[in-house]
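# An overview of the molecular structure
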Amino acid sequence: MKKSTFLFLAIILFYSNMNAQLKPVKYNDGNQILNGLSIKASKKSNHNPGILMLPAWKGIDNASKEIAQNLSKLGYTVFIADIYGEGNYPKDNAEAGKQAGFYKKNYEAYQKRINLALQELIKSGANADNIVAIGYCFGGTGVLEAARGHLNVKGVVSFHGGLGKDASRSTEPITAKVLICHGADDPNVKAEEITAFQQEMRDTKADWQMIYYANAVHSFTNPEAGNDNSKGAAYNPVAAKRSFEHLQLFLSEVLKK
C-alpha cells in the first residue's frame with residue numbers, strides 16, 4: 001500500500017473515531033448551566049434516528065456513557081441529559097434522593113429539563129420526528145414524564161424506573177409507545193404502584209408493554225451496582241443483556257433508520 005493511501009485511510013479512521021466520541025455540551029435553563037454529553041451515530045442514515053438518555057439519580061455515570069457509545073455504534077445519535085446542573089450534582093445517595101425527589105414532585109420542572117435536552121439532541125443532528133427517550137432509575141421515571149408531557153418522542157423506554165405519579169394529577173392520552181424493563185424483585189417499586197401504572201396505561205389507551213426479569217432488583221443494568229440482591233440494587237448481567245436486546249427490538253419497530 002502506498003504511503004499516501006495509508007495516510008488517507010488513517011485520516012479517515014481518525015475522524016471517524018472522533019465522531020464516535022462523547023462530547024460535552026453546555027446548555028442552559030435560564031441562569032442554570034447544564035452539562036450534557038453528545039455522541040454522533042457511527043453510521044450514516046437518511047432518517048437520523050436519535051435517542052435521548054436520562055441517567056440515574058446521581059446524574060451522568062459510567063453506565064450511561066457506555067450505553068450511549070454502544071447505541072452510537074448501532075446507528076443512533078445520542079444525547080445524555082443533565083437534569084441537575086452545575087452546583088447541584090449529588091455527592092451521595094442522600095443528596096441524590098433529595099434532588100430526584102424534587103423533580104418527581106415538581107414534574108413540570110422535570111419535563112422542562114427533559115425538553116431542553118431533547119432540543120440539544122436535535123441540534124446535534126437527530127431528526128426531531130424520529131426520537132426515542134430512554135432512562136434508568138430516576139431517568140426511567142423521567143421518560144414516563146416525557147410521555148405524559150407530550151414531548152415530541154416516538155417512544156419511551158424505562159429501565160428499573162419509578163412508575164408512579166401523584167393520584168391528583170389528571171390522566172391524559174399517551175401517544176408515545178411505552179416499554180418498561182422491570183426487575184421482578186425490585187423492592188423500590190411497590191405492587192400498588194405497578195397496578196396504578198398499568199391502569200394509567202389502559203386509561204390513556206397507550207401502546208405499552210412491560211417485561212419482568214427474573215432474579216433482578218433495582219439497577220440491574222449497572223455493573224457498578226454490585227451483585228448482592230439483598231441490598232435492593234444489584235447488577236444482573238443476564239437481565240442487562242436481555243433488556244438491551246428488548247430495547248433494540250423496540251427501536252427497530254419505532255424509529256426509522
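This write-up is about the structure you can find in this document.

Cut-offs used in this document
Residues numbered from 1 in each chain as written. Predicted model: local features only at pLDDT ≥ 70, side-chain atom pairs only at ≥ 80, totals over all residues. Heavy atoms only, no water. Helix = DSSP H or I, 4+ residues; strand = E, 2+ residues; numbered from the N terminus. Rg over C-alpha atoms; globule rule 2.2 N^0.38 Å. Contact = heavy atoms within 4.5 Å. Lys, Arg positive; Asp, Glu negative; His and termini not counted. Charge placed at Lys NZ, Arg CZ, Asp CG, Glu CD. Pairing = 2+ DSSP bridges. Axes fitted to C-alpha atoms, helices over the stretch in contact; angles between N-to-C directions. Phe/Tyr/Trp six-rings, centres within 6.5 Å; stacked < 30°, edge-to-face > 60°. Buried < 20%, exposed > 50% of the residue type's maximum accessible area, 1.4 Å probe, protein only. Lys NZ or Arg CZ within 6 Å of the ring centre and 35° of its normal. Parallel < 35°, antiparallel > 145°, perpendicular 65-115°, else oblique. Nonpolar A, V, L, I, M, F, W, Y, C, P; charged D, E, K, R; others polar.

Helices and strands together make up the secondary structure of the protein, namely 7 helices and 8 strands. Relative to the 2.2 N^0.38 estimate, which gives 18 Å for 257 residues, the radius of gyration of the protein is 19 Å and therefore close to what a compact globule would have. Sequence-distant contacts in the protein: of pairs separated by 6 or more residues, those separated by 24 or more amount to 66%. Positive and negative side-chain charges in the protein, numbering 30 and 24 respectively, have mean positions lying 9 Å apart.

Moving on, we come to the sheet that holds strand S6 (residues 155–159). Strand order in the open sheet made by the 8 strands is S1-S2-S4-S3-S5-S6-S7-S8, with mixed pairing throughout. Only two strands of the sheet have a single partner each, and these edge strands are strand S1 (23–29) and strand S8 (208–213). Between one strand axis and the next, the sheet turns through 20° on average, direction left out of account. Direction of pairing for S6 relative to strand S7 (residues 177–183): parallel, over a ladder of 5 bridges.

So, on to the packing of aromatic side chains. One pass over the structure, following the stated rule, counts 9 aromatic pairs. Taking 6.1 Å as the distance between ring centres and 85° as the angle between the ring planes, the aromatic pair formed by Phe197 and Trp208 counts as edge-to-face. Of this pair, Phe197 sits in helix H6 (residues 191–203) while Trp208 sits in strand S8, and the two are 11 residues apart along the sequence. On the basis of relative accessibility, which here comes to 1%, the residue Phe197 falls in the buried class. Between Tyr213 and Phe220, the ring centres sit 5.4 Å apart and the planes meet at 50°, which makes this aromatic pair tilted. Each member of the pair Tyr213 and Phe220 is classed as buried. Ring pairs connect the aromatic residues Tyr84, Phe102, Tyr103, Tyr110 and Phe138, which therefore count as one cluster. In this structure, Arg169 packs its charged tip against the face of Tyr107, placed 3.5 Å from the ring centre.

Now for the packing of helix H4 (residues 107–123) against helix H5 (residues 138–148). As a packed pair, H4 and H5 sit with axes 9 Å apart at the nearest point and diverge in direction by 90°. Considering their axes alone, H4 and H5 lie roughly perpendicular with respect to each other. Of the residues in H5, those in contact with Tyr107, Tyr110, Gln111 and Ile114 of H4 are Phe138, Gly139, Thr141, Gly142, Glu145, Ala146 and Arg148. Of the residues assigned to the contact of H4 with H5, the class counts are 5 nonpolar, 4 polar and 2 charged.

H4 packs onto helix H3 (residues 93–105) with a crossing angle of 100° between their chain directions and a minimal axis gap of 4 Å. Considering their axes alone, H3 and H4 lie roughly perpendicular with respect to each other. Where H3 abuts H4, its residues Tyr103, Lys104 and Lys105 lie against Tyr107, Ala109, Tyr110 and Arg113. Residue classes in the contact of H3 with H4 are distributed as 4 nonpolar, no polar and 3 charged.

By themselves, these are just geometric observations and shouldn't be taken as functional.
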